[in-house]
Amino acid sequence: MPRTSFSRNPLLRVSRPVSACSRCRAAKVKCDGKLPACTACEKAGRENECSAANDQFARGKERSYVAALELRIEKLERRLDYAKSRKDSVGQHEADGTTNTNLTEAERRDSLAAIRAAIYRKAARNREDLDVNSLVSDFGILSVDATTRDFEPSLGNITFARLVLAVTTKDSLPESPQSMLPSRQAANTIVQYFMANIYSLFPCFSETALWTILDDVYRQDDRVIRDSDYWLLFLVLAIGSTSQSRKINDEYYVSGVNFVCRAMSYADRALGPGYVTQIQSLLLLTIYSMLDPAHFDTWHLIGFTSRAVVDLGLHQDPPASSVSDRSALDMRRKIFYCTYTLDRAISMAHARSFSFADESINVAFPQMSNLGDKPATSKLISGPQSADPALLLFQLRRAQSYWYQVLYQSEPTPLPNPTGFLWQMCLDMREWQESLPNTLPPSIRQMFEQELRYSYVYCIAPSARAPQITNYIRVLIFEYSLEYLNNMYDIAYTGLNSAFYTYHDALKVYFMANQLLAVLRDAQDLLVFGAHVPPP
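If you check an unreviewed UniProt entry, the protein chain appears there as Zn(2)-C6 fungal-type domain-containing protein from Photinus pyralis.

Looking now at the packing of helix H6 (residues 184-199) against helix H7 (residues 207-219). Orientation of H6 relative to H7, taken along the N-to-C sense of each, is 170°, at an axis distance of 12 Å. Of the possible angle classes, the one that applies to H6 and H7 is roughly antiparallel. The handedness of the crossing between H6 and H7 is right-handed. Touching Arg 184, Ala 187, Asn 188, Val 191, Gln 192, Met 195 and Tyr 199 of H6 are Glu 207, Leu 210, Trp 211, Leu 214, Asp 215 and Tyr 218, all from H7.

Once that is clear, we can look at helix H16 (residues 442-460). Across its 19 residues, H16 extends 27 Å between first and last C-alpha, which sits within 8% of the 27 Å expected from 1.5 Å per residue. Among the 19 residues in H16, 15 count as buried, and that is most of the element.

Mapped onto the secondary structure, Ser 245 falls in the loop between helix H8 (227-242) and helix H9 (251-264). By relative accessible area, which is 16% here, Ser 245 ends up buried. It is 9.7 Å that separates the C-alpha atoms of Ser 245 and Ser 255, two residues lying 10 residues apart in sequence. If we skip the residues at most four places from it in the chain, Ser 245 touches Asp 250, Tyr 252 and Tyr 253. A polar contact is formed between the side chain of Ser 245 and the backbone oxygen of Lys 247, at a distance of 3.2 Å.

About the criteria used
Residue numbers restart at each chain and count upward from 1, following the sequence in its written direction. With the structure being a predicted model, the display of local features is reserved for residues of pLDDT at least 70 and the display and counting of side-chain atom pairs for 80 or more, all residues being used for whole-chain, interface and lining totals. Side-chain numbers come from the whole structure's heavy atoms, not from hydrogens or water. Here an angle of 0 to 180 degrees is reported between the N-to-C directions of two axes, which are lines fitted to C-alpha atoms, with helices fitted over the stretch in contact. The way it works is that DSSP assigns letters per residue, a run of H or I at least four long becomes a helix, a run of E at least two long becomes a strand, and they are numbered from the N terminus. When an angle is under 35 degrees it counts as roughly parallel; over 145 it counts as roughly antiparallel; between 65 and 115 it counts as roughly perpendicular; any other value is oblique. Handedness of each helix crossing follows the sense of rotation of the near helix against the far helix: counterclockwise by less than a right angle gives left-handed, clockwise gives right-handed. Between two residues, a contact is recorded if the distance between any of their heavy atoms is within 4.5 Å. To estimate the expected span of a helix, subtract one from its residue number and multiply by 1.5 Å. Relative accessibility under 20% of the residue-type maximum defines a buried residue, over 50% an exposed one, and the middle range a partly exposed one, all with a 1.4 Å probe and only protein chains included. Two N or O atoms count as a polar contact when they lie within 3.5 Å, although within protein this holds only if one can serve as hydrogen donor and the other as acceptor, and sequence-adjacent residues are included solely when both atoms are side-chain atoms.

In structure tokens, the structure reads:
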């Protein structure tokens, strides 16, 4: 039941007075606080001496019927005066805010209607904000269990894909007409470029499946093609095209954006939770976002992807007794390590925490490809690609992940032996470098060597757990940073090679330049004049 108004049910009596009158207090007898005089004073014939009858008794306290009524009347009078002032103000202003004291009754009603409409619009916006907040709150609960399939497009207007895209989209994609597919030859060229330069690092789906989808789409017969298949094809085309872009808004970039626009019509099913295809679709969109940061937020996308991986249990290998298909297990591991690799790279570039710790995972590396001894070639190839670059990248990310968690995601207390720890981490990464096969394409080898220089500087730079910096470390930071920046300059201005470079490499350049300037500021004479510094 609604609570009745206080003015209709005033406080008729006070069960206990706020304070006793002066006579009852002196006599140490009970005072009932009745007005105009308490009962004790009345019985003694001293009504006029009772302090309950004057303002000094419990001044400002609502302790009786009269006081409660007076306070209520005062409040109502203030509200009435305020309402009258608002009514006069409304009557004297038009919809555009200008003062007009000669409004007719009809104009005054129109003005009031405009104000009411504005109030209703504000209330509607508030209700909409409340609905969105409630929806996001519910989504937060559902996202903890990505195996749920309650976000089916047929069940309502809100789908998992629309929530993901609403969070991760920066600038809206342009309105792109449903243009025709590129010619089969052009599509083959883009896919071959993708397979040779991006898939070799992120083999998150079956290569055979991609070529089958491409063949089915261009046959244009009655074959049933899933939305996730269309998504895979268009994202591969988008990544393959955008990765060849060499300047802003060139033909490759525009084509890539158009392919992504085509893919968005299949997002509801492709990003539907509870399926491995969701993770593969999110991985492809994350890779594309690294090439097009103007439209998508890479950090949030890899967060969604990592959450889905953990919820579906891909961060743990299944029991050996339950594995019947070795190829399916190998693909499961590749999907996990593609997510792992992107999460580590993106988090380190943004100096943020990883989505999950190494202690929470138990996944073996995928099987090495038997094509590792295949000679390197710069020609476009359509046959099976070696997975060796991907496995080498997975191993490097595991090494980076270990020291990054120790130095930047642990308690900010200095290590007992920071110098020994740093040299051991550098030694592990150097051993990885020495394991690089001679069959690696030159562009990928150069990319790995750049990543290693970046890792060296990131690892030995001063941190909360290794705060001390020696002259020898300054020399190493100076040399590795300078070599990294010189190589990146050559790559950028002599034509990007076919390796996978993204806007995260621009963030790395900024980091390396900052480290170079920091050591120059601290020890310019030592570094510029090349004084010999013995190792510790």
